[in-house]
Amino acid sequence: MTMRSRVRVLEAASCKMHGKVCLHFTLVKGPFPDPCCAGMPLCTGCPFYPHQLVSVPILCSGLVVTAKSVHYELRLTARSDIGFRLLCPSFQERAEETRLFIREPVPKNRGRIKTEAFCIPWKPPGSLEKFLITVFLGFWRQQLTSKLELRGSLPSKGFQKIQRNVIAMMELMGGGFGRKVFDQKPMLGVHLGSRVRGICFYAVTAMGAIPLFMTMMLVHPLVMIFDRYKRRVHHMIAQMWATMTIFPFYRFEFEGLENLPPGDAPAVYVSNHQSFLDTYTLLTLGRSFKFISKRSIFVIPIIGWAMFLMGVIPLRRMDSRSQLECLKSCMDYVRKGASVFFFPEGTRSKDGKLGAFKRGAFTVAAKTEAPVVPITLLGTRELMPSGMEGILNSGSVKVVIHKPLKGKEAEVLCNASRSVIADTLISHGYGVK
Ligand SMILES: CCCCCCCCCCCCCCCC(=O)OC[C@@H](O)COP(=O)(O)O
């Protein structure tokens, strides 16, 4: 469904509410999905749009200066799988696209000037794209500035308006490959490259999983007889699967490998959690730690079955009985010489900031006197943020393994682990709640 409304762009500014460039606009001419929107200042970062919706790319698809008005079209496209909540929560509309026309009066006899603007992806591009866009953007900027040259002769008010809008777009475009790419909320303007990479990523992950899972099935009886707790053969297969899956798509480096306890020593591993890619990246470490995973992941065919064979510990997060059972199995595994892996935040960070840590992992460590090994994951969120599992952006990942911590106080272990991870995140430009 295509909506045609008229909006007036108020400004493009770094929004205090959302701390990034937003486009503030009001709906001036309907059809308004909901009368209460009329004239109400709205912001592309508006709370009406849940965050992951705001990250639709703002594509500028046309800048036309006509005798009567200046209007350009802002096309907000949303990914088909998340649809579009336009303006008010009550108005749910799964729309692929909404076009907003903007009409601004300008003084007479300026004649008709028409320019085409480019649809430029929002997300920081890879090297080739960066080169191409820089060329185009350079060309477009040159176009726009030449327009702005007109400035002198146009009476200020109308001109101000034009100028503001035009500037607004340039700012948006420019921001794409700004300096601090990593600590910006990834605008997840879905870039074609990221979509294609996402599809290839899942193709590789699925194609690799099938034969490897068959192998797992084959050796499982032996594993259960000879290596019931650590199940090292299964972890080697999982390590192979994870490495071959991520290797073609992003570089990953490890720092502090010397801090890893010897392979067969039981330990409680903890790390921040930003993306599904965290699991893939950590599996390449080849340590036979048992992840604690939310139950819903076990239903994924092949992967979920392999998780069962590997001894991944299921958890119903909101269920205290399940939490207790989970901690019991962890303590059992650790006492039998195996290791466990917790994401103490319990969920992937939605804004890149480190969340509060749940105590479970540290209770297991304190009770079993096993060391806690804190790990910091950097960059996975930029590649595949929470809620955007369908895409894979280009970039690289770094894993920092910190010195193991020992202690009998779960609270002390928890605070010490969180602060060492927090310091590393802050030093790489990330936030901490
Ligand atoms: C043969 C193929 C080999 C396959 C091996 C598969 C091994 C997969 C190990 C999976 C471990 C999964 C650990 C997930 C931990 C977890 O459950 O985190 C929650 C978040 O993520 C998602 O929650 P949310 O962010 O709230 O949506």
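Cut-offs applied
Residues numbered from 1 in each chain as written. Predicted model: local features only at pLDDT ≥ 70, side-chain atom pairs only at ≥ 80, totals over all residues. Heavy atoms only, no water. Salt bridge = Lys/Arg side-chain N within 4 Å of Asp/Glu carboxyl O. Helix = DSSP H or I, 4+ residues; strand = E, 2+ residues; numbered from the N terminus. Buried < 20%, exposed > 50% of the residue type's maximum accessible area, 1.4 Å probe, protein only. UniProt positions renumbered as here; feature names shortened; annotations may be inferred. Near = heavy atom within 4 Å. Polar contact = N/O pair within 3.5 Å; in protein donor to acceptor, adjacent residues only side chain to side chain. Areas by Shrake-Rupley, 256 points an atom, 1.4 Å probe, with all protein chains shown as cover. Phe/Tyr/Trp six-rings, centres within 6.5 Å; stacked < 30°, edge-to-face > 60°. Lys NZ or Arg CZ within 6 Å of the ring centre and 35° of its normal. Core = buried A, V, L, I, M, F, W, Y, C linked by side-chain atoms within 4.5 Å. Contact = heavy atoms within 4.5 Å.

Per an unreviewed UniProt entry, the chain goes by the name Phospholipid/glycerol acyltransferase domain-containing protein and belongs to Platanthera guangdongensis.

### As for the pattern of salt bridges
The tally for this structure, following the rule as stated, stands at 8 salt bridges. Across the pair Glu255 and Lys398 runs a salt bridge, and its minimum N-O distance is 2.9 Å. Note that Glu255 is positioned in strand 11 (residues 251–255) and Lys398 in strand 17 (residues 396–401), a separation of 143 residues in sequence. Two residues, Lys433 and Asp351, come together in a salt bridge whose shortest N-O distance is 3.7 Å. With Lys433 in the segment after helix 11 (410–427) and Asp351 in the loop between strand 15 (339–342) and helix 9 (360–368), this pair connects stretches of sequence that are 82 residues apart. For Lys433, a relative accessible area of 60% gives the class exposed. Overall, the relative accessible area of 22% leaves Asp351 in the partly exposed class.

### Side note on the UniProt feature "transmembrane region" (unreviewed entry) in the chain
The sites that UniProt annotates as "transmembrane region" (unreviewed entry) are residues 201–226 and 297–315. Within residues 201–226, the helical portion is 100% and the strand portion 0%, while the C-alpha atoms at the span's ends are 34 Å from each other. Helix makes up 42% of residues 297–315 and strand makes up 16%, while its end C-alpha atoms are separated by 10 Å.

### Focus: the site of the ligand
Near the ligand lie 22 residues; those nearest to it are His273, Lys294, Arg317, Thr347 and Arg348. Taking His273, its side chain carries an N or O atom lying 2.8 Å from an oxygen atom of the ligand. Here an oxygen atom of the ligand sits 2.9 Å away from a polar atom, N or O, in the main chain of Lys294. Alone, the ligand offers 710 Å² of accessible surface; in the complex the protein occludes 94% of this. Those elements that provide at least two residues to the shell around the ligand are helix 4 (192–226), helix 6 (277–283), strand 13 (289–294) and helix 7 (303–310).

### Focus: unusual backbone geometry
Of note, the phi angle at Arg231 is positive, near 50 degrees, even though the residue is not glycine. For Arg231, a relative accessible area of 8% corresponds to the buried category. Look at Glu369: it is not a glycine, yet its phi comes out positive at around 55 degrees. One can find Glu369 in the loop between helix 9 and strand 16 (372–378). The exposure class assigned to Glu369 is partly exposed, which follows from its relative accessible area of 45%.

### Section: the packing of aromatic side chains
Inspection of every chain in the model, using the stated rule, returns 16 aromatic pairs. An angle of 70 degrees between the planes, with centres 6.2 Å apart, marks the rings of Tyr250 and Phe252 as edge-to-face. Given the relative accessible area of 3%, Tyr250 is considered buried. Taking the centre distance of 5.4 Å and the plane angle of 75 degrees together, the rings of Phe289 and Phe291 count as edge-to-face. Classification of Phe289 as buried rests on a relative accessible area of 0%. An aromatic cluster of at least three residues, connected via ring pairs, comprises Phe201, Tyr202, Trp241, Phe249 and Tyr280. The positively charged end of Arg418 is found above the aromatic ring belonging to Phe357, 5.9 Å away from the centroid.

### Structural notes on the nonpolar core
By size, the foremost hydrophobic cluster in this structure holds 40 residues, and its most contacted members are Leu282 and Ile375. Secondary structure elements with two or more residues in this core: helix 4, helix 5 (232–246), helix 6, strand 13, helix 7, strand 16 and strand 17. Beyond its immediate stretch of four places on either side in the chain, Leu282 contacts Ser271, Phe289, Phe291, Phe341, Phe343, Ile375 and Leu377. Among the nonpolar cores identified, the runner-up in size contains 32 residues, and Val268, Val372, Ala410 and Tyr430 belong to it.

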